[in-house]
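Results of the structural survey
One letter stands for each residue in the lines below.
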Amino acid sequence: MLQFLVRRLIGACVIIFLIGAFTFFLFYTIPQDFAELSCGRNCTPENIAVIRENLGLDKPIAAQFWEFMSGIVSGRDFNQGHCSAPCLGMSFDTGQFVWDSIMDRFPLTLSLTVGGLVIFLILGLGSGLMAAWKRGTVVDKVVSGASIVLSSFQIYFLGPIVLGILVYQSGIMDNPKYEPFTENPIAWVVGMIIPWCVMATIFTAQYTRMARSTMIEQLQEEHVRTARAKGMKQRYVFFRYAWRGSLIPIVTILGMDLSALLSGAVVTEFTFDLAGIGRLAVDSSLTKDLPVTMGVMLFGAFFILLLNILVDLAYAFIDPRVRLS
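Residues numbered from 1 in each chain as written. Predicted model: local features only at pLDDT ≥ 70, side-chain atom pairs only at ≥ 80, totals over all residues. Heavy atoms only, no water.

1. Brief notes about the overall build of the protein chain
To keep it simple, the criterion reads: Strands are runs of DSSP state E lasting at least 2 residues, helices are runs of H or I lasting at least 4, and numbering of each runs from the N terminus. Think of it in three bands: residues with accessible area under 20% of the maximum for their type are buried, residues over 50% are exposed, and the middle band is partly exposed, with areas taken using a 1.4 Å probe on protein chains only. Any two residues having at least one pair of non-hydrogen atoms within 4.5 Å are treated as being in contact. Here, Shrake-Rupley sampling with a 1.4 Å probe gives the accessible areas, and only protein chains in the shown set may cover a residue. Counting rule for charge: Lys and Arg are taken as positive, Asp and Glu as negative, and neither His nor the chain ends is counted. For charged residues, the charge sits on one atom: NZ in Lys, CZ in Arg, CG in Asp, CD in Glu.
What the protein chain contains, in helices and strands, is 14 helices and 2 strands. In terms of principal-axis extent, the alpha carbons of the protein chain reach across some 85 × 60 × 35 Å. A total of 325 residues make up the protein chain; the buried ones form 43% of that total. The long-range share in the protein chain, meaning contacts at least 24 apart out of those at least 6 apart in sequence, stands at 66%. Split by element, the accessible area of the protein chain, about 17200 Å² in all, is 65% carbon and sulfur. Between the averaged position of the 24 positive side-chain charges in the protein chain and that of its 24 negative side-chain charges there is a distance of 20 Å.

2. A few points about the nonpolar core
To keep it simple, the criterion reads: Nonpolar core, defined: a set of buried Ala, Val, Leu, Ile, Met, Phe, Trp, Tyr and Cys residues in which side-chain atoms within 4.5 Å join the residues together.
Counting 70 residues, the largest nonpolar core has Ile102, Phe120 and Tyr207 as its most contacted members. When residues in this core are grouped by element, the largest group, 15 residues, is from helix 8 (residues 185-219). Contacts of tyrosine 207, omitting those with residues within four sequence positions, involve Phe120, Leu121, Gly124, Leu125, Ile250, Ile253, Leu254 and Asp257.

3. Considering the packing of aromatic side chains
Aromatic ring pairs are described here by two measures, namely the spacing of the ring centres and the angle between the planes. What counts, and what does not: Pairing of aromatic rings covers Phe, Tyr and Trp, the last through its six-membered ring, and needs centres within 6.5 Å; plane angles under 30 degrees mean stacked, over 60 mean edge-to-face, and all others mean tilted. Note on criteria: charge over ring means Lys NZ or Arg CZ within 6 Å of the ring centre, with the direction from the centre no more than 35 degrees off the ring normal.
A full pass over the atoms with the stated rule returns 11 aromatic pairs. For the ring pair tryptophan 99 and phenylalanine 299, a centre distance of 6.0 Å and an interplane angle of 70° mean the geometry is edge-to-face. Taken as a pair, tryptophan 99 in helix 5 (residues 98-133) and phenylalanine 299 in helix 14 (residues 290-318) lie far apart in primary sequence, 200 residues in all. A relative accessible area of 26% means that tryptophan 99 is categorised as partly exposed. Taking 5.7 Å as the distance between ring centres and 75° as the angle between the ring planes, the aromatic pair formed by phenylalanine 302 and phenylalanine 303 counts as edge-to-face. Cation over ring: arginine 279 sits above phenylalanine 270, and NZ or CZ is 4.4 Å from the ring centre.

4. A short note on the state of the cysteines
Applicable threshold: Any two cysteine sulfur atoms lying within 2.5 Å of each other are counted as a disulfide.
Per the stated rule, a full pass over the model turns up 1 disulfide. Here cysteine 83 connects covalently by a disulfide to cysteine 87, the sulfurs 2.3 Å from one another. An S-S torsion of about 115° defines the bridge between cysteine 83 and cysteine 87 as right-handed. For cysteine 87, a relative accessible area of 1% puts it in the buried group. Not engaged in a disulfide, the cysteine cysteine 13 finds its nearest cysteine sulfur in cysteine 87; these two sulfurs lie 18 Å apart. What makes cysteine 13 exposed here is its relative accessible area of 54%.

Below you can see the structure in the form of structure tokens.
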């Protein structure tokens, strides 16, 4: 287990380095003076030269790349001050350190992800298990039919409908907004409940179908049939043997969905006008803010790799038949 973890961590560092190198040199192929972009309107050549020097754009590309990658580990000095590790550079547009910009947006994206995750896991896995338990009955048909209908919805379609009904027409709820959980937990829940429910509606359908299909498949496994033949109760066999084995594909998909949501729920944030990491990524791309775009990409890549490692480690705990070599 330890050797596996060390290998995966080393591999993750290599992948992050390659992603950083690829994005850095890719964006530097854009025929645009980033100092001019940062300077804004009515900018003189003298101001552009000062900005280029302050941002380190007057150095060779290789030197800039080395400063960027080494700054992630050890920090970096700018004329505006010291950027502590992990330093992802300084925004061309706002002059703020990229890591600080990401951390300002991260609590919102994290709240959006965690809240939606809890709801769609409870609803999706619960309804999927119930459909598998009642396979072939009216309950199974209703749950399966509802999941098919809900899976055809998209956030950018369902979100405005929910806002129109609950916010603009009836006035039952206010527009979604983010309040820090540590300051006001009730306002945090009220402000995020609509995005959570819309996200949960979309993802619940996927996890319902997956939980149902994997449970039905597990119920046909030999060890489950053996447990039944020994006279064990149906409910015990269902949850003790079949349910545990069905978790592996669910955890695999959950790891990919969760990493994508954490690295930037672009559609959800734009639909509900929330300023999270996804919104930051889009805005930085539109303004050609290279350091912010690279920082968000590396931040997202880090979470994807981290969650993939955690998913692999979870396999051994979920199913004893899985061994990490």
